[in-house]
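Observations on the model geometry
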Amino acid sequence: MSRVLRLAGAALAAAFALSRPLAAGAAVPAATHTAPDGTVEYAFPGPPPTLTCAPLTVCTVTLQPGESVSSVATGDSARWIISTAPSGPDGATPLLFVKPKESDLRTNLVIATNRHIYFVDLASSNAWTNPRISFYYPAEEEAAQAAAAQAAAQAEARRQAEQQTKLPVVTPDKLDSHYSVSGTKSFAPQRVYNDGAHTYLEFDKFPSDLPVLVALAPDGSNQIVNYRVLDSVYVVDGVPSGLELISNAGTGRRGSGERLVKIQHF
């Protein structure tokens, strides 16, 4: 059973128990979730928790760090004293002080903040108390985790995209530059080499009209090849034995277009 379901079920059980008269020495209903300092935590949103406080003692309701209280209202302001104060690091956590003047009182408390509206049932009793309650926010935690996962995925996508725009660093001894280049000089690359995984056609200056790059099949026909253009370099996936730069290229033995440059590995 999830933590949220356990907490919601326990909250309902506690509310049902508090709807009946409390006998002296009665056992405290099962806690929703108890923090090390004794604070009982309730899921928000969820059934209204019940804060049970002994007469003339101060109990507390702790809200979400970073939110601010706009207004507080109770159904019995004559016999309940309610006040607010900042708490925690930098005073960022709102804290409500709740003090009943008499025993066997029942009323409710509504707290409006810039983020949430809280409904809390109030009870005063000499039999038992849960003097400190707070909230946790499973739906918001899930949304924050989903947003963080999405941000991480977007960052990884950006990283991979940036990686695609960078030429790999390869030491000269790993490069194979055994290529012959023939054809129209104004379209011919100044350097051709491969690193075993990619073939690079490097230009000192790109022609104004970029030709299409195709691979040469053993029978002399054109084959589509994956490549991208980075800076002044064609980066070809793989190491084809032959390449051609063609204007208005087609595929097949009679691919249309003007064959501008032929590159052959030897």
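With antiparallel pairing, the five strands of this open sheet are ordered in space as S10-S18-S17-S13-S14. Looking at strand neighbours, the two that pair on one side only are strand S10 (179–183) and strand S14 (222–223), the edges of this open sheet. Strand direction decides the pairing type here: strand S13 (residues 212–216) and S14, joined by two bridges, are antiparallel. Counted as the bridge partner of Ala 215 is Gln 223 from S14.

Quick look at unusual backbone geometry now. A cis geometry characterises the amide bond from Phe 44 onward to Pro 45, with omega recorded as 0°. You can see Pro 45 is positioned in the loop between strand S1 (40–43) and strand S2 (50–53). Of note in this structure, Asp 90 is not a glycine but carries a positive phi near 60°. In this structure, Asp 90 sits in the loop between strand S5 (80–87) and strand S6 (93–100). Asp 90 sits in the exposed class, given a relative accessible area of 82%. Its identity as a non-glycine residue notwithstanding, Asp 231 has a phi of 55°, on the positive side.

Another point: the pairing of strand S8 (residues 117–124). Pairing analysis gives four bridges linking S2 to S8, with the strands arranged parallel. Within the sheet, the bridge partner assigned to Thr 50 lies in S8 and is Asp 121. Bridge analysis of strand S7 (residues 106–113) against S8 gives seven bridges, and the strand direction is antiparallel. Residue Val 110 lies in a different strand from S8, and its bridge partner there is Phe 119. Following S7, the chain reverses through three residues before pairing antiparallel with S8.

About the criteria used
One numbering rule holds for all chains: residues counted from 1, following each sequence as written. Note on the predicted model: pLDDT of at least 70 is required for a residue's local features to be given, and 80 or more for side-chain atom pairs to be given and counted; whole-chain, interface and lining totals, by contrast, use all residues. The side-chain figures draw on all heavy atoms in the structure; neither hydrogens nor water molecules are used. The pairing criterion for strands is at least two bridges between them, as found by DSSP. Labels follow the DSSP assignment, with helices taken as runs of H or I lasting at least four residues and strands as runs of E lasting at least two, numbered in each case from the N terminus. Three labels apply to residues, based on accessible area from a 1.4 Å probe with only protein chains included: buried if under 20% of the type maximum, exposed if over 50%, partly exposed otherwise in between.

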